[in-house]
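# Examination of the molecular architecture
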Amino acid sequence: MNPTIRGITYVSVWVVIWGTVASLIDWVLLVGDVYEPGTSGQAVTFAVYGVATVVMATRFADRFLGESSSEAPDQE
């Protein structure tokens, strides 16, 4: 697969993961009356999950974006 397409797909998947997880946690906190919509608590929730997602995406990047054995040049 083209490395550019692979990179775009990788980042896109992580954005969807971040949005889904942060939204679910946000919903739980809103329903539990921990904070009100539009407050700084909501921004902090999304920011914290954004940072966590960036850390995880960075840690897993080599596994998914590194050259696969079929694409790597032959080593002699």
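Below or above, wherever it landed, is the structure these notes cover. (Residues numbered from 1 in each chain as written. Predicted model: local features only at pLDDT ≥ 70, side-chain atom pairs only at ≥ 80, totals over all residues. Heavy atoms only, no water.)

Our next topic: the packing of aromatic side chains. The final tally for this structure, using the stated rule, is 4 aromatic pairs. With 6.3 Å between their ring centres and 65° between their planes, Tyr10 and Trp14 make a pair best called edge-to-face. Pair noted here: Tyr10 and Trp14 are both in helix H1 (residues 3–31), with a separation of 4 residues, about one helical turn. When its relative accessible area of 12% is taken as the criterion, Tyr10 is described as buried. Given the relative accessible area of 12%, Trp14 is considered buried. Here the aromatic rings of Trp18 and Phe46 are separated by 6.1 Å at their centres, their planes lie at 80°, and the arrangement is edge-to-face. Taken together, the positions of Trp18 in helix H1 and Phe46 in helix H2 (residues 40–65) put the pair 28 residues apart, joining distant regions of the chain. Looking at Trp18, the relative accessible area reads 29%, which means it is partly exposed. Site record: aromatic cluster; members linked through ring pairs are Tyr10, Trp14, Phe60 and Phe64. (Phe/Tyr/Trp six-rings, centres within 6.5 Å; stacked < 30°, edge-to-face > 60°. Helix = DSSP H or I, 4+ residues; strand = E, 2+ residues; numbered from the N terminus. Buried < 20%, exposed > 50% of the residue type's maximum accessible area, 1.4 Å probe, protein only.)

For H1, which comprises 29 residues, the first-to-last C-alpha distance of 42 Å matches the rise-based estimate of 42 Å (1.5 Å per residue) to within 8%. Those residues of H1 that fall on the buried side of the exposure criterion are Arg6, Gly7, Tyr10, Trp14, Ala22 and Asp26. The inward-facing, buried residues of H1 abut H2. Its side-chain oxygen at 2.8 Å from the backbone nitrogen of Thr4, Asn2 defines the N-terminal cap of H1. The first or second residue beyond H1 is Asp33, which carries a positive phi of 55°. (Expected span 1.5 Å × (residues − 1). Contact = heavy atoms within 4.5 Å. Polar contact = N/O pair within 3.5 Å; in protein donor to acceptor, adjacent residues only side chain to side chain.)

This part takes up the packing of H1 against H2. Remark: H1 packs on H2, axes separated minimally by 9 Å, with the N-to-C direction vectors making an angle of 150°. As H1 packs across H2, the resulting crossing turns out to be right-handed. Together, Arg6, Gly7, Tyr10, Trp14, Trp18, Val21, Ala22, Ser23, Ile25, Asp26, Leu29 and Leu30 of H1 and Gln42, Thr45, Phe46, Tyr49, Gly50, Thr53, Met56, Ala57, Phe60, Ala61, Phe64 and Leu65 of H2 make up the contact between the two elements. Among the residues making up the contact of H1 with H2, the classes are represented as 16 nonpolar, 6 polar and 2 charged. (Axes fitted to C-alpha atoms, helices over the stretch in contact; angles between N-to-C directions. Left-handed = near helix turned anticlockwise from the far one by under 90°. Nonpolar A, V, L, I, M, F, W, Y, C, P; charged D, E, K, R; others polar.)

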